[in-house]
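Descriptive analysis of the structure
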Amino acid sequence: MNNIYAIIFDLDGVICSTDRYHYLAWKALADRLGIPFDEQVNSQLRGVSRMESLEIVLGEHSADYSEEQKEALATEKNEIYKSYLSSMTPRDLPKEVRMTLHMLRQRGYLLAIGSSSKNTQQILRQLGLGDFFDAIADGTMITKSKPDPEVFLLAASMLGVSPENAIVIEDAESGVRAAKAGRFRAIGIRTEGNDPDSDITVKNLKNLIDIL
Ligand code: B16
Ligand code: MG
């Protein structure tokens, strides 16, 4: 691809499968509250911040809880989520992800993370990627989460590149929309179908090697 110097990766669902842990943690909270929760609701939470996710999970029950109670519920979910994270090791980094990252680095691309997650640093450390990326923009540094482009624009400015010279890799609709809103090119990772908003859709991260 012409004029691409940097690649910004989403974390959850692209670099690692923490999306499963998010699902299990939200499910445990929803079950305790007696609120129905399934994979369909979970798919709406991809790329969305913790508090916005809670609103989606609570749905019509949102008005039953004060802001203070909602903070406590989000903390409860995060504690369950972190108990899953604590067992992650570098072995949880898929081989093709490791290989792709190293090949892209060898080809001279700047590599960054653009994630809504406030747990980004811990996840990267546990996967053995704590020092790997040239820049990390995450949920602790932004005020608006995806589909707002803030996190990707921040990653690009940390790298010192313009959006038109960077490409965003995303698994979530909200993330692809965020990339397009920031005027980045976007590659969607999908196991089924094409993402209508992304410029290209690939099934696996390793397919990037053939495209870039
Ligand atoms: P946390 P990404 C996102 O990560 C997840 O996809 C989303 O499900 C989660 O609610 C959000 O991070 C916030 O995560 O509770 O750890 O701060 O896909 O942007 O890497
Ligand atoms: Mg994601």
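Above this note sits the structure.
Residues numbered from 1 in each chain as written. Chains lettered and ligands numbered in written order. Predicted model: local features only at pLDDT ≥ 70, side-chain atom pairs only at ≥ 80, totals over all residues. Heavy atoms only, no water.

**A word on the coordination of the magnesium ion (ligand 2)**
Note on the magnesium ion (ligand 2): its protein donors are Asp10 (OD), Asp12 (O) and Asp171 (OD). The metal-donor distances range over 2.1 to 2.2 Å. The sequence motif formed by the donor residues of the magnesium ion (ligand 2) is D-x1-D-x158-D. Separated by 159 residues along the polypeptide, Asp12 in the loop between β1 (6–9) and α1 (18–33) and Asp171 in the loop between β4 (166–170) and α8 (173–181) bring together distant segments of the chain. The same class applies to Asp12 as to Asp171, namely buried. (Donors = N, O, S within 2.8 Å, 3.2 Å for Na, K, Ca; no water. Helix = DSSP H or I, 4+ residues; strand = E, 2+ residues; numbered from the N terminus. Buried < 20%, exposed > 50% of the residue type's maximum accessible area, 1.4 Å probe, protein only.)

**Topic: the nonpolar core**
If you look at the biggest cluster of nonpolar residues, it comprises 35 residues, and the most contacted ones within it are Ile7, Phe9, Ile15, Leu104, Leu129, Phe133 and Ile169. Of the residues forming this core, the biggest block, 3 residues, is contributed by helix α5 (residues 95–106). The residues that make up this core include at least three from each of domain 1 (6–16 + 91–210) and domain 2 (19–85). Grouped together as the second largest cluster of nonpolar side chains are 19 residues, Ala137, Ala156, Ala178 and Phe184 included. (Core = buried A, V, L, I, M, F, W, Y, C linked by side-chain atoms within 4.5 Å. Domains from an automatic or database assignment.)

**Overview of the packing of helix α3 (residues 50–58) against helix α4 (residues 67–85)**
As a packed pair, α3 and α4 sit with axes 10 Å apart at the nearest point and diverge in direction by 100°. Taken together, the axis directions place α3 and α4 in an arrangement best described as roughly perpendicular. Here α3 contributes Arg50, Met51, Leu54, Glu55 and Leu58 to the contact with α4, which in turn contributes Lys70, Glu71, Leu73, Ala74 and Asn78. Of the residues that constitute the contact of α3 with α4, the class distribution is 5 nonpolar, 1 polar and 4 charged. (Axes fitted to C-alpha atoms, helices over the stretch in contact; angles between N-to-C directions. Parallel < 35°, antiparallel > 145°, perpendicular 65-115°, else oblique. Contact = heavy atoms within 4.5 Å. Nonpolar A, V, L, I, M, F, W, Y, C, P; charged D, E, K, R; others polar.)

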